Amino acid sequence: MLFFSHKTDTILNSHNNILSNKNNMLSFLETIKNEFLSYFVPEKMEYKITGSCLKCGKCCRYMYSFDTYTTTDFKIMQFLFPAYRRFYIRGKDPEGNLIFACKYVTEEGLCSVYDKRLRMCKKYPATKIGYPGKLHEGCGYKVEDKSFESYLKK
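Residues numbered from 1 in each chain as written. Predicted model: local features only at pLDDT ≥ 70, side-chain atom pairs only at ≥ 80, totals over all residues. Heavy atoms only, no water.

**Concerning the packing of aromatic side chains**
Working step 1: Under the definition given, this model contains three aromatic pairs.
Working step 2: Pairing Phe74 with Phe100 gives two aromatic rings, centres 4.7 Å apart and planes at 35°, and the pair type is tilted. Highlighted residues: Phe74 in helix α3 (residues 71-80) and Phe100 in strand β4 (residues 98-102), separated in sequence by 26 residues.
Working step 3: Look at Phe100 and you get buried, because its relative accessible area is 3%.
Working step 4: Both rings, one in Phe81 and one in Tyr84, keep their centres 5.6 Å apart while their planes meet at 40°; by these two values the pair is tilted.
Working step 5: Residue classification places Phe81 among the partly exposed residues on the basis of a relative accessible area of 48%.
Working step 6: Assessed through its relative accessible area of 23%, Tyr84 is described here as partly exposed.
Working step 7: Here the aromatic cluster, defined as three or more aromatic residues joined through ring pairs, consists of Phe81, Tyr84 and Phe87. (Phe/Tyr/Trp six-rings, centres within 6.5 Å; stacked < 30°, edge-to-face > 60°. Helix = DSSP H or I, 4+ residues; strand = E, 2+ residues; numbered from the N terminus. Buried < 20%, exposed > 50% of the residue type's maximum accessible area, 1.4 Å probe, protein only.)

Pasting the structure below:
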């Protein structure tokens, strides 16, 4: 018959706690690693765009930027991407999201530097985006949402 002292019991409990904490820490680190790696997986939904540009300029006067939540974020973005210095913060929407506008859109809704516009302007509206597509009311383009079944057919 084995006899365990109180001291042996304490050592075994400490060892089990250390293993439990180690497993919790490994699980936590695994979660952080997966979260970090998820930023490098480009999952984009594809939308069908119909219609044509009405040259109203709304897309240049009321823009949103995915993952730009504060003025500081915006200034960092402009520092990292100098071409974005053409944009300024116009205000916030009712949900508190920043609304941006381009300095080069004219009163008529046209681009005053059309031959020097950014790639994102040339590609507007994008057919592959990482968030639900939405256009301005009155825009000549229309976004046709795909049904769940159409994704299964691919």
